[in-house]
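Take a look at the letters that make up each chain.
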Amino acid sequence: MKHAVKLLPVALAAAGVVSLALPAHAQETTPATADEQEARERMETVTVSARRRDERLQDVPLAVTAFSARALERANIQSLADLQERVPNLTVYASRGTNTTLTAFIRGVGQADPVWGVDPGVGIYFDDVYMARPQGALLDVFDVQRIEVLRGPQGTLYGKNTIGGAIKYISRPLAKENGASAEVGFGNYQQRNLKGAFNLASENGVWRARLAAAKLDRDGFGRNTYNGEQVSDQDSTAARLSVGYFPLDVPLSIVLSLDATDDKSGVRGFQRMGVSAFDPLRRPPSTDAYDIESSMPGNNFTHNRGGSLVANYALSNDWSVKLIGAKRRSNSEQTIDFDGLPLPIADVFGDSRDEQKSLELQASYSGDHGSGVIGLYRFEGTAGGGIYNNFLGRQFTSAVSTVETDSTALYTDWTWPLGTLWSVNAGLRHTRETKRAIVLNQVFADAAFTRPVQNAADFDKSLSVSNTSPKLSLRYQASSTTNLYGNVSRGFKSGGYNVRANNLVVADSARPYRDETLDALEVGMKYAAPDDTLDVNLALFHNRYKDIQLSVFTSYTQPGGLPGFYGDFTNAGKATVNGAEFEFSWRPNRQWELNGFLAFLDASYKEFISGGRDIADTQKFSNTPRKQLGLNVTRTDRDVLGGTLRSMIGYGYRSKVYPTTDLSETLAQGGYGLWTAGVVWEGAKNWTFSLHGSNLGNARYRTDGYNIPAVYILDGFYGPPRQVIAKAAYKF
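Bear in mind the structure is a predicted one, so any value in this text is a computation, not a measurement.

Comments concerning the overall build of the protein chain
Next up, step 1: In terms of helices and strands, the protein chain carries 3 helices and 43 strands.
Next up, step 2: What you see for the protein chain is a C-alpha radius of gyration of 26 Å, in line with the 27 Å of a compact globule of 732 residues.
Next up, step 3: For the protein chain, the spread of C-alpha atoms along the principal axes amounts to about 85 × 60 × 55 Å.
Next up, step 4: Out of the 732 residues belonging to the protein chain, those deemed buried represent 57%.
Next up, step 5: Here the contacts in the protein chain between residues at least 6 apart in sequence split such that 67% fall between residues at least 24 apart.
Next up, step 6: Here the protein chain has roughly 30400 Å² of accessible surface; of this, 57% comes from carbon and sulfur atoms.

Overview of the pattern of salt bridges
Next up, step 1: This structure, assessed with the given rule, holds 42 salt bridges.
Next up, step 2: Among the salt bridges present, the one from glutamate 73 reaches arginine 172, with a minimum N-O distance of 3.7 Å. Taken as a pair, glutamate 73 in helix α3 (residues 69–74) and arginine 172 in the loop between β10 (165–171) and β11 (179–187) lie far apart in primary sequence, 99 residues in all.
Next up, step 3: Glutamate 73 gets classed as partly exposed once you look at its relative accessible area, which sits at 39%.
Next up, step 4: By relative accessible area, arginine 172 is classed as partly exposed at 29%.
Next up, step 5: Aspartate 119 is the partner of lysine 435 in a salt bridge, and the nearest nitrogen-oxygen pair spans 2.4 Å. With a gap of 316 residues between them, lysine 435 in strand β24 (residues 422–444) and aspartate 119 in the loop between β6 (109–110) and β7 (122–126) connect regions that are remote in the sequence.
Next up, step 6: The class for aspartate 119 is buried, based on a relative accessible area of 5%.
Next up, step 7: A single network of salt bridges, built from pairs that share partners, joins Arg52, Asp128, Lys168, Lys322 and Glu360.

Concerning the sheet that holds β6
Next up, step 1: Spatial strand order, β4-β5-β6: 3 strands in an open sheet with antiparallel pairing. Each edge of the open sheet carries a strand with a single partner, namely β4 (90–94) and β6.
Next up, step 2: Both strand β5 (residues 102–106) and β6 contribute to a ladder of 2 bridges, which runs antiparallel. Across the sheet, residue phenylalanine 105 finds its bridge partner in β6, namely glycine 110.

Observations regarding the confidence of the model for the protein chain
Next up, step 1: Predicted confidence across the protein chain gives a mean pLDDT of 90, with 92% of residues reaching 70 or more.
Next up, step 2: Contacts for the low-pLDDT stretch residues 1–41, under 50 throughout, to residues beyond four places or in other chains number 54 contacts.

A short note on the packing of aromatic side chains
Centre-to-centre distance and the angle between the planes together describe a pair of aromatic rings.
Next up, step 1: Across all of its chains, the model carries 31 aromatic pairs by this definition.
Next up, step 2: Ring plane angle 50° and centroid distance 4.4 Å describe the contact between phenylalanine 338 and tyrosine 706, whose orientation is recorded as tilted. Remark: tyrosine 706 occurs in strand β41 (residues 702–708) and phenylalanine 338 occurs in the loop between β20 (319–337) and β21 (346–367); sequence separation between them is 368 residues.
Next up, step 3: Judged by relative accessible area, phenylalanine 338 falls into the buried class, the value being 6%.
Next up, step 4: Ring plane angle 50° and centroid distance 6.0 Å describe the contact between phenylalanine 459 and tyrosine 497, whose orientation is recorded as tilted. Taken as a pair, phenylalanine 459 in strand β25 (residues 452–477) and tyrosine 497 in strand β27 (residues 496–497) lie far apart in primary sequence, 38 residues in all.

Side note on the pairing of β11
Next up, step 1: Direction of pairing for β11 relative to strand β12 (residues 191–201): antiparallel, over a ladder of 9 bridges. Paired with glutamate 183 across the strands is lysine 195, a residue of β12.
Next up, step 2: Examined bridge by bridge, β11 and strand β43 (residues 723–731) share 7 bridges and lie antiparallel to one another. Across the sheet, residue glutamate 183 finds its bridge partner in β43, namely alanine 729.

Remarks on the nonpolar core
Next up, step 1: One finds Trp116, Phe338, Phe459 and Ile713 to be the most contacted residues of the largest nonpolar core, which totals 32 residues.
Next up, step 2: Taken together, the elements giving at least two residues each to this core come down to β21, β22 (370–391), β23 (395–418), β24, β25, β41 and β42 (713–718).
Next up, step 3: No other element matches the 4 residues that β25 contributes to this core.
Next up, step 4: Setting aside chain neighbours within four positions, we find phenylalanine 459 in contact with Ala437, Ile438, Val439, Tyr497, Asn498, Ala501 and Ala510.

As for unusual backbone geometry
For residues that are not glycine, phi is negative in most cases, and the peptide bond is trans in most cases.
Next up, step 1: Even without being a glycine, aspartate 127 presents a positive backbone phi close to 50°.
Next up, step 2: Along the polypeptide, aspartate 127 turns up in the loop between β7 and β8 (129–131).
Next up, step 3: Judged by relative accessible area, aspartate 127 falls into the partly exposed class, the value being 23%.
Next up, step 4: Positive phi, normally seen in glycine, also occurs at aspartate 128, with a value near 70°.

Some thoughts on the pairing of β4
Next up, step 1: Burial analysis of β4 places 5 of its 5 residues in the buried class, the great majority of the element.
Next up, step 2: Here 5 bridges tie β4 to β5, and the two strands are oriented antiparallel to one another. Within the sheet, the bridge partner assigned to leucine 90 lies in β5 and is isoleucine 106.

How each quantity is defined
Residues numbered from 1 in each chain as written. Predicted model: local features only at pLDDT ≥ 70, side-chain atom pairs only at ≥ 80, totals over all residues. Heavy atoms only, no water. Helix = DSSP H or I, 4+ residues; strand = E, 2+ residues; numbered from the N terminus. Rg over C-alpha atoms; globule rule 2.2 N^0.38 Å. Buried < 20%, exposed > 50% of the residue type's maximum accessible area, 1.4 Å probe, protein only. Contact = heavy atoms within 4.5 Å. Areas by Shrake-Rupley, 256 points an atom, 1.4 Å probe, with all protein chains shown as cover. Salt bridge = Lys/Arg side-chain N within 4 Å of Asp/Glu carboxyl O. Pairing = 2+ DSSP bridges. pLDDT = per-residue confidence, 0-100. Phe/Tyr/Trp six-rings, centres within 6.5 Å; stacked < 30°, edge-to-face > 60°. Core = buried A, V, L, I, M, F, W, Y, C linked by side-chain atoms within 4.5 Å.

Given below as structure tokens:
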């Protein structure tokens, strides 16, 4: 098996070359007749629900990139992280030492600190249910209908914490007939994937049920050389169950869904990029991107559970109401050996838990006078946990807290036609929210954290905020193929309290940090050829960004000379973000398809007060490359061994990026490109066989890191190396 896996990249390249060498069909060299033109395969039309109602993607007056189930399968999208090379101005990856904790940025807006109580800047929605915490939010893709990435603030329809945008994961709906599918995949690093789904329906379709499950296992990209354990491996299990009632004589549907995910992957490996003065052996920086040498136990798991009830009822031909009730909970544990050595230089253990309940009531209208939605949203959440630090075997501190959130929002979004060519869209959302932080951070006399000697922070405080986010959009149908639009909108991200507060270092660290706000202006064009052979989308935007929330590590020296560091949280002032995005999908004939994008971003601080002075000129945005591009080419050959053969090659490029807010040049990742390729054979009946490769050039690129000079910590976390997987799927 080991030798076979090593040969997979060669086989993949050979298969691509053979496929591209196949002769072209006659219609490519002779003018197409009218019948041939009529029979030409049309590009897939994607319907999205970005504005809480189903619309054709090219008709939505905002920047959205959407992927259908078929597109996701053919592109080998295994998790949300794989979207990064296919969506303009999107950064998404596993946060620092974790495997499934999400870090996401859109157009320079996001949040890299995954600690509880800190809200994300990009909202993740699983079947219209908001996932409040990033733990476990780096979703694996299976049994999905589509994924939508909405860029720019979505404050009116999706509310707070979508200041940068939103990612919507829509699972496959209940079908009216029985059916099933199964997929098995094997790859290098002993990758073993099993995915399956079963759909059952009564004879008249009144009762329907669907069960989907996935088991994903992979050996580690590296090892802990101290104890031989694997690091950066994968061991995750996920399942979903949905049951629906669709009465024949009543315009009603009720769907109950349950989901569970268990991630038991080991700790994530990293590269030590500096020499620790606290290491008696003065070990040089490591050269491997994943191997570590840690004596800490490899605790690293996340458990997610969720349930939702969705009811739809049509009041008339024009009006319908929808109820979405949901409850989710999660818990996780991680050990983070910052130094990556068997010494207790900077050893951290953390656990977190989260419970959330939400209820949303929508009333939707679609008729002669336009379309729109009005809704009421309620959210209650409790997030908490503990962080336990052992520095040099001499300093023992903890940060234990609970953050309670109670939020209510009323929103509306309407579109009215202005004649036959113009339409106007207006939206408004008003949010009232209260956050309560109960914090007890202590200094201990022992490594067991049983004998507290001093309180670093001890408070129980509440913060109430109120925000009104408007949106106004104008759309002009310039022709039957071209839509022009312009919109202005506002988004905000909740403020709160620093759960790592340390009054011994910063006297007023128990102060709240403020809400972020972003005002955005966007103009765009969407073109769709009448024969569906070409789609072109263009967006230009200007954002004014205020009170930017930043998480930073501050080093300090304690009495007696013992070094320490403190996780601070602050607001950075003002910034502007300007950018352009160009997307296209072109099918010149039945055989070839090209799609890709270009993205440019200019993000700069205008005010950044630190230590009483403005340091805006020296600061840069993290997780924000200035340039991105992606290009994917697909060739389709029919009647190959009784089926259809699709050969694909893709390339994605990102310019220099700073993954951390300290802007370390050592951790900064220079511009790099990633190659992907795949061959998919789709049988005339039910079989599909595929061979896919990612990062075929085996590029080594950093996605995150730690820079803590006080304890000589300088670590780099890297993206996955070259991976190849062969899959077989059957649908019946």
